[in-house]
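# Results of the structural survey
Listed below, chain by chain, are the residues.
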Amino acid sequence: MIDADIRDFFGRLDRVWLRRFLEHRIADKRVLRLVGKWLAAGVIEDGEWTECDEGSPQGASVSPLLANVYLHYVLDLWADYWRRRPGRGDVIIVRWADDFIVGFEHRADAERFLAELRERLAKFGLELHPDKTRLIEFGRFAADRRARQGGLGKPETFTFLGFTHICARSKNGWFWIRRKTDSKRMRVKLKQVKDQVKQRQHLPVPEQGQWLASVVRGHQNYYAVPGNSDAVNNFRNQVTRHWYKALRRRSQRTRLNWARMNRIAARWLPPTRVRHPFPEVRFAATHPR
């Protein structure tokens, strides 16, 4: 499979090609003029305005939409045509804005696709990041193949949409793809929670509890997938620890201990539980055979 990353996609997006793509579906010149104004408006971050002379402003609300339009014509339609050509094995592509992965049945197809993809993107002013784009062996038979090739170790992992995807085996020996919270994203999120808790430490405990409950609940609604319970529960424990330290700073003569803190956390923070089924269960419900 190919774990791809486009170098500086929003900065290199060709506005001339983007306008041609939009004109393919939109006839109203007023809408096209409005998109042009969006692109030229720049971005305001922390009260400072930054001009954007080329590409699409990264962080602007319209940029993800324009990214989807641009890559629909540059990548999606081309990849769909490529995978339907005779003599190819199964090809699966998953894309979210400018992040995408492509899975192949045969390694030769993956190498050919990667070479042709570089040429395709170059026609539209884009380039794959040489250090972040990888061709890795992943899937049901990856471990056996790597063992036959001289003990190359476990199959490589890849990170996509906040999850680290791992080739794993169940207790019964069945293959499954384990999804684990990306450690970098968790550290960034916990740092944000720590800073926010410090700013709110003098508010009433119920008000703090309601806010932290929304944070933990939102985290669980996205990351609480099968096989990721330990990471999700660790996030809840770390939030509790930051809350505990913040509450103890409110007074030099505090009587707050961990026994009382655990009761407060149990009162306000939702318990850890899996909130999503396995992907094949959801797919079977949407597309019954």
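Residues numbered from 1 in each chain as written. Predicted model: local features only at pLDDT ≥ 70, side-chain atom pairs only at ≥ 80, totals over all residues. Heavy atoms only, no water.

## Describing the overall build of the protein chain
Regarding its fold elements, the protein chain presents 11 helices and 9 strands. Taking 2.2 N^0.38 as the reference for a compact globule, 289 residues should give roughly 19 Å; the C-alpha atoms of the protein chain span a radius of gyration of 24 Å, well beyond that estimate. When the backbone C-alpha atoms are referred to their principal axes, the protein chain occupies close to 70 × 55 × 40 Å. Here the protein chain holds 289 residues, and 38% of them are scored as buried. (Helix = DSSP H or I, 4+ residues; strand = E, 2+ residues; numbered from the N terminus. Rg over C-alpha atoms; globule rule 2.2 N^0.38 Å. Buried < 20%, exposed > 50% of the residue type's maximum accessible area, 1.4 Å probe, protein only.)

## Section: the packing of aromatic side chains
As enumerated under the stated definition, the model contains 17 aromatic pairs in all. Pairing F9 with F10 gives two aromatic rings, centres 5.3 Å apart and planes at 70°, and the pair type is edge-to-face. Neither residue differs from the other here; F9 and F10 are each classed as buried. Considering the side-chain rings of W176 and F278, the 6.1 Å spacing of their centres and the 75° angle between planes classify their relative orientation as edge-to-face. Taken together, the positions of W176 in strand β9 (residues 175-181) and F278 in the loop between α10 (258-268) and α11 (279-286) put the pair 102 residues apart, joining distant regions of the chain. (Phe/Tyr/Trp six-rings, centres within 6.5 Å; stacked < 30°, edge-to-face > 60°.)

## Some points on the pairing of strand β5 (residues 99-104)
As judged from the 4 bridges shared by strand β1 (residues 2-5) and β5, these two strands associate in the antiparallel manner. Bridging across to β5, D3 finds its partner in I101. Here strand β4 (residues 91-96) pairs with β5 via 6 bridges, running antiparallel. Looking across to β5, one finds that I93 is bridged to V102. Between the antiparallel neighbours β4 and β5 lie 2 residues, among them A97 with a positive phi of about 55°. (Pairing = 2+ DSSP bridges.)

## Digging into the pairing of strand β8 (residues 163-169)
For β8, the buried fraction is high: 5 of the 7 residues fall into the buried class. Here 3 bridges tie strand β7 (residues 158-160) to β8, and the two strands are oriented antiparallel to one another. Looking across to β8, one finds that T159 is bridged to T164. Where β7 folds back on β8, the antiparallel hairpin that results is connected by 2 residues, among which L161 adopts a positive phi of roughly 55°.

## Regarding the sheet that holds β8
Judged by pairing direction, the sheet is antiparallel, and its 3 strands sit side by side in the order β7-β8-β9 without closing on themselves. Only two strands of the sheet have a single partner each, and these edge strands are β7 and β9. This sheet shows a mean twist of 40° between the axes of neighbouring strands, independent of strand direction. (Axes fitted to C-alpha atoms, helices over the stretch in contact; angles between N-to-C directions.)

## Quick notes on the pattern of salt bridges
One pass over the full model with this rule turns up 13 salt bridges. A salt bridge links R112 to D109; the shortest N-O distance between them is 3.0 Å. Placement of the pair is R112 and D109 together in helix α5 (residues 107-122), with a separation of 3 residues, close to one helical turn. R112 sits in the partly exposed class, given a relative accessible area of 32%. The network of salt bridges with shared partners includes D3, R134 and E156. (Salt bridge = Lys/Arg side-chain N within 4 Å of Asp/Glu carboxyl O.)

## Examining helix α7 (residues 183-199)
The terminal C-alpha atoms of α7 lie 25 Å apart, and with 17 residues this matches the ideal 24 Å at 1.5 Å per residue to within 8%. For α7, the complete set of buried residues consists of M186, L190, V193 and V197. Buried residues of α7, seen end-on, are gathered within an arc of 60° and therefore sit on one face of the element. Facing away from the buried side of α7 by more than 90 degrees, the exposed set consists of K184, R187, K191 and Q199. Against β9, α8 (205-223) and α9 (229-248) lie the buried residues of α7. (Expected span 1.5 Å × (residues − 1). Arc of directions from axis to C-beta. Contact = heavy atoms within 4.5 Å.)

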